[in-house]
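Structural overview for review
What follows is the residue order along each chain.
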Amino acid sequence: MSQTPPISGIADPDRAAPELSYPNLSPQLLARVTQLWSAAGADFDHHWRAGVRSLPGFRAVPRAETPKDSTDVDLVFLFDQCILWVRALHEAATAGRAHEIHGLSPAQWHGLAALSARLTEQLAALRLLALTDLPMPAMQIARSISEDVDMALMLLIRRKLAQRFADCRTVEDASDFWRRHIAGGRAFRSISEKLYAVGIDHTADTDYAKWRRSVLMTLGAAAHSNALHTRLPTRQQSDVLLNGDSLQFATFRIHEFCAFAQLLEPTLTETLELAGRAATSDAPHSPHQPLAALAAPLNRILISQIQSLEAPEPHSRQRADWYR
């Protein structure tokens, strides 16, 4: 790749090629993702600027002086694709609700719009924390992202629950909803049952469920720390998730969100296409398609790039095989 400086050193960063924000990015990964976008008829550069470059606190990946490989940069690149998908999903959900698009109920559209908005903020914050070497708050946000992913999937498979969520009007209502239906792994158990019905076993005794529990316990320790934790974590502590681990877990969970949503709601891509068209019709004179129009094609792109995401240890081989 060209040794051009990262985007922070460019005179006009808003027009710079996206790859300049990822110094030492794998050329193979960039070529694969670009090919996927081209096959979908989507403009990667434009949508990247609209959905990633525009994030509050956006910064390019710092250039490593002597990088061992491209793994860390590749992870940020894939993570940013997840941000773009969540933002596109938010706009599509907003349009779907406004236009009363069939396929999802108004309460489901409402829930997806609300949760994708919160996920966008959390992902932007996690990105900033990971790039500025602040692992503890990054871990806390990664845990919250995982819970919101479970909640969004729950709203897709249970319309009555989506309505209860939409009916929450106070902080007390929201807290009660969370305790009754989401907290303590309740949402994940319901999702696992539905996934089992379509041939994916994520029940409590599987490697995946054990890995997920162990990760969430570590993330929970960061969210509920005590007076015994008086030292800043260092990169030598192998038993604690640090920046890369939080980023990787969040990336893995958003990819799961995209894949599982389509398994649990098989017509979701077609429904999002309708919402994207409705959003486009709202801005007929715009020179660019809104992000809502990207939600459906980006569904397919995100699924196709799962094989580029290295699953974290332990049990990385088993979890990678599930997507082949």
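Anyway, here's the lowdown on the structure attached to this text.

Conventions we followed
Residues numbered from 1 in each chain as written. Predicted model: local features only at pLDDT ≥ 70, side-chain atom pairs only at ≥ 80, totals over all residues. Heavy atoms only, no water. Helix = DSSP H or I, 4+ residues; strand = E, 2+ residues; numbered from the N terminus. Buried < 20%, exposed > 50% of the residue type's maximum accessible area, 1.4 Å probe, protein only. Contact = heavy atoms within 4.5 Å. Areas by Shrake-Rupley, 256 points an atom, 1.4 Å probe, with all protein chains shown as cover. Salt bridge = Lys/Arg side-chain N within 4 Å of Asp/Glu carboxyl O. Expected span 1.5 Å × (residues − 1). Axes fitted to C-alpha atoms, helices over the stretch in contact; angles between N-to-C directions. Nonpolar A, V, L, I, M, F, W, Y, C, P; charged D, E, K, R; others polar. Phe/Tyr/Trp six-rings, centres within 6.5 Å; stacked < 30°, edge-to-face > 60°. Polar contact = N/O pair within 3.5 Å; in protein donor to acceptor, adjacent residues only side chain to side chain.

**A word on the overall build of the chain**
Looking only at helices and strands, one finds 13 helices and zero strands in the chain. Each helix and strand of the chain, ordered N terminal to C terminal, gives the series α-α-α-α-α-α-α-α-α-α-α-α-α. When the 324 residues of the chain are sorted by exposure, 48% land in the buried category. Of the contacts made within the chain by residues no fewer than 6 positions apart, 79% connect residues no fewer than 24 positions apart. When the accessible area of the chain is evaluated, it comes to approximately 16100 Å², of which 52% is carbon and sulfur surface.

**Here's the deal with the pattern of salt bridges**
Here the structure, examined in full by the defined rule, presents eight salt bridges. The partner of Arg-127 in a salt bridge is Asp-80, with the nearest N and O atoms 2.8 Å apart. Of the two residues, Arg-127 sits in helix α4 (residues 106-131) while Asp-80 sits in helix α3 (residues 71-98), which places them 47 residues apart along the sequence. Take Asp-80: its relative accessible area is 1%, and that puts it in the buried class.

**Digging into α4**
Between the first and last C-alpha of α4 there are 38 Å, a value that for 26 residues agrees with the 38 Å anticipated at 1.5 Å per step. Taken from the residues just after α4, Asp-133 is the one with a positive phi, measuring 65°.

**Let's talk about the packing of helix α11 (residues 268-282) against helix α12 (residues 295-304)**
Their axes nearest at 7 Å, the elements α11 and α12 cross at an angle of 145°. Of the residues in α12, those touching α11 at Thr-269, Leu-272 and Glu-273 are Ala-295, Ala-296, Asn-299 and Arg-300. Considered class by class, the residues forming the contact of α11 with α12 number three nonpolar, two polar and two charged.

**Describing the side chain of Gln-81**
Along the chain, Gln-81 turns up in helix α3. Exposure remark for Gln-81: the relative accessible area of 2% places this residue in the buried category. In this structure Gln-81 touches Val-33, Trp-37, Phe-44, Leu-298, Ile-301, Leu-302 and Gln-305, once residues within four positions along its chain are discounted.

**Comments concerning the environment of Thr-120**
Structurally, Thr-120 is set in helix α4. Residue Thr-120 is classed as buried on the basis of its relative accessible area, which comes to 14%. Along the backbone, Thr-120 and Ala-88 are 32 residues apart, and their C-alpha atoms lie at a distance of 10.0 Å. Not counting the four nearest positions on each side in its chain, Thr-120 is found in contact with Val-86 and Arg-87.

**Considerations on the packing of aromatic side chains**
Inspection of every chain in the model, using the stated rule, returns seven aromatic pairs. An angle of 70° between the planes, with centres 6.3 Å apart, marks the rings of Tyr-22 and Trp-48 as edge-to-face. Taken together, the residues span a long stretch of sequence, with Tyr-22 in the segment before α1 (27-39) and Trp-48 in helix α2 (residues 44-53) at a distance of 26 residues. Ring centres of Tyr-22 and Phe-77 lie 5.0 Å apart, and the angle between their planes is 80°; this geometry places the pair in the edge-to-face category. Taken as a pair, Tyr-22 in the segment before α1 and Phe-77 in helix α3 lie far apart in primary sequence, 55 residues in all. Considered together, Tyr-22 and Phe-77 belong to a single accessibility category, that of buried residues.

**Topic: the side chain of Arg-253**
Looking at the element boundaries, Arg-253 is found in helix α10 (residues 243-264). At a separation of 2.9 Å, a polar atom in the side chain of Arg-253 contacts the side chain of Asp-150.

**Regarding the environment of Met-136**
For Met-136, the location among the structural elements is in helix α5 (residues 135-157). On the accessibility criterion, Met-136 (26% relative accessible area) is partly exposed.

**A short note on unusual backbone geometry**
At Asn-24, a residue that is not glycine, the phi angle is positive and equals roughly 70°. Here Asn-24 is to be found in the segment before α1. Take Asn-24: its relative accessible area is 27%, and that puts it in the partly exposed class. Backbone geometry places Asp-133, a non-glycine residue, at a positive phi of 65°. Summarising the element assignment, Asp-133 is placed in the loop between α4 and α5. Judged by its relative accessible area of 46%, Asp-133 falls in the partly exposed class.

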